[in-house]
Amino acid sequence: MDVAAVTAQLCRAATFNLLSTMRQFAPFAAVLVIALACDRGERAASAAGDSASPGGTIVISTGGDPDVLFPPLLESVAAQQVTDLVYDHLANIGSSMNTVGDAGFEPQLARSWTWSPDSLSIAFHLDPRAKWHDGLPVRASDVAFTYALYKDSATASPSAPLIASIDSVTTPDSLTAVFWYSGRSPMQFFEATNPMLIIPEHALEGIRGQELRTAPLARAPIGSGRFRFVGWNAGSSIEITADTANYRGRPRADRIIWSIAPDFNTAFTRLLGGESDVFEQLTAASLPQIAGHAEIRTVLLPGLDYNFIQFNLRDPAHPARPHPLFGDRALRRALTMAVDRAHIVQNVYDTLAQVAVGPTVRAYPSTDTTLQQIPYSLAGARRLLDSLGWRNSGDGIRRRNGRPLEFTVSVPSSSKARMSMAVIVQDQLKQAGVKMNIDKLEIASFIDRETHHSFDAVFGGWHVDASPGGIRQTWGSAGSHTAGSNYGSYENPVFDAAVESALSEMNLDERRARFKKAYQMIIDDAPAIWLAEPRSMIAISGRIRTPSLRPDAWWANIPEWWVPPAERIARDRLGSSR
């Protein structure tokens, strides 16, 4: 037996033994150490005997279609995965995950950059070899155009709040784009590079505003990345193929396919049956089945996700008015108090998640985990509801002035975890005299309902950026408008100011203290019930070779994934030679 086979066998044995005792004894740290050690060990051992020849097709099983393949407008993770591989940033976050200053960032479209002596501008020098997939060269004017498009209120980009600190972009020559700022902050470089994927100006000539969403580029992107777009068969698949003449080098795989299956069981079955190679929505309940498939390995990453029930603070039928229920801060606090979050997380995730601490994650150094939460107290929730005039009635549902305390929460059917949690929340609220209806939606309908703010409540989830600055987009006042990602329309200018103060602070201890003030404020206002902070657990076929996965975007290094010739199957031999 060769080294790779021995390593794989030992890892599978360790994982099986771990699974058999995990529920009773194993802390999450042990799961993480073993899973990551096996992942590294299998890759290192197998790499020793692998040929370096590029090739292969990698199929990713995903829960739904992207909303749109146009970077300034996208909202879904599926869309982000595709566009991150088709387009380029000026520079990208490196393996160190550092987002302060420019240390650790890796060049993409910009092969170098220069800071002004006063740090109020950054000049990005583009790689002269860079070309769009239609053959035209990438120019500084494309960078300035991209910035203007993201910033334009007519575009209504949900990412606009993330680049608010950039005053302007100028182009002294065709290969230099200069970003200007009115003040210095630790996040200047991150804000110039991470929120924006550079798009071709010539492909959008004369198209602006809401027309961008239906422009040809929104469904057939033309980027400069290491993969070219091939096609999108709605409800079925998306395909990209290697750009073999790319200025940053050919990707190692021939093509990537996203296989779309809104139903969790269908997507999981495709993985187990070998129809797909990657599945990112594993649950603790899935692990025993995975353990029975020697050809599949699992990877656990630090959690950069959190999920929550978000209340709409505005009346969906009359957005200028407060929501008839959730406009009341005290009622939102009472509902939060009636939900036993620790029980829900344990029941659904076992050891693979923690109770969320708020609209943030523990992986951020700026997150203080001593934040004071609204405590679970069914008796306290009942007393508070009584004091607000919501009284028990004969059918078990509280009423005030004849109106029942009833609302509907929309849940994406593609998320098995959120569906399971919604059922438990429904039962817990019932004990407090609250009727919560569950509206199960396919992901496209769910996103449509979110973006149009046409809901009472949604069971949301965010995969956060490497920087906590994304909270301006998801919970800040600037993101509460029609195009923003603050779907519940939570608006608190004091909270906004506290976030900006935290983001401008260089000292980590002071930065953490300022973020704590901001997070405590929004926790107390209860615009959402913060539920779970799950770890990212991904299943990958053992035939796929991968470098280390970036916690904030496991797909970021897909251009370096590949399939050894000896392990290629029929679909691997259909790769395009473009």
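What you are looking at is a predicted structure, and each value in this text was computed from that prediction instead of being measured.

Asks: Please give an account of the pattern of salt bridges that cites residues and values.
Replies: This model, assessed by the stated rule, comprises 23 salt bridges. Residues Glu191 and Arg472 are paired through a salt bridge, measuring 3.1 Å at the closest nitrogen-oxygen approach. Of the two residues, Glu191 sits in helix H5 (residues 188-193) while Arg472 sits in helix H13 (residues 471-474), which places them 281 residues apart along the sequence. By relative accessible area, which is 11% here, Arg472 ends up buried. In this structure, a network of salt bridges that share partners links the residues Asp277, Arg543, Arg571 and Asp572.

Asks: Requested: an account of the packing of aromatic side chains, with residues and values cited.
Replies: Counted according to the given criterion, the structure contains 20 aromatic pairs. Considering the side-chain rings of Phe515 and Tyr519, the 5.3 Å spacing of their centres and the 20° angle between planes classify their relative orientation as stacked. With Phe515 and Tyr519 both in helix H15 (residues 508-525) and 4 residues apart, this pair spans about one turn of that helix. According to the relative accessible area criterion, Phe515 is buried, its value standing at 0%. Clustering of aromatic rings is evident, with ring pairs tying together Phe105, Trp113, Trp115, Phe124, Phe179 and Phe189. The residue whose ring lies beneath Arg219 is Trp232, and the NZ or CZ to ring-centre distance is 3.8 Å.

Asks: Just give me the short version of the confidence of the model for the chain, but keep the residues and values in it.
Replies: Looking at the chain as a whole, the pLDDT averages 87, with 90% of positions reaching at least 70. Ignoring residues within four places in sequence, the model shows residues 1-49, a span with pLDDT below 50, making 49 contacts including any to other chains.

Asks: Provide a residue-level description of unusual backbone geometry, including the pertinent values.
Replies: Positive phi, close to 55°, is recorded for Asn401, a residue that is not glycine. Assignment of secondary structure puts Asn401 in the loop between strand E15 (399-400) and strand E16 (403-404). In this model, His453 sits at a positive phi of 55°, which is unusual for a non-glycine residue. The class of His453 is buried, set by a relative accessible area of 12%.

How each quantity is defined
- Residues numbered from 1 in each chain as written.
- Predicted model: local features only at pLDDT ≥ 70, side-chain atom pairs only at ≥ 80, totals over all residues.
- Heavy atoms only, no water.
- Salt bridge = Lys/Arg side-chain N within 4 Å of Asp/Glu carboxyl O.
- Helix = DSSP H or I, 4+ residues; strand = E, 2+ residues; numbered from the N terminus.
- Buried < 20%, exposed > 50% of the residue type's maximum accessible area, 1.4 Å probe, protein only.
- Phe/Tyr/Trp six-rings, centres within 6.5 Å; stacked < 30°, edge-to-face > 60°.
- Lys NZ or Arg CZ within 6 Å of the ring centre and 35° of its normal.
- pLDDT = per-residue confidence, 0-100.
- Contact = heavy atoms within 4.5 Å.

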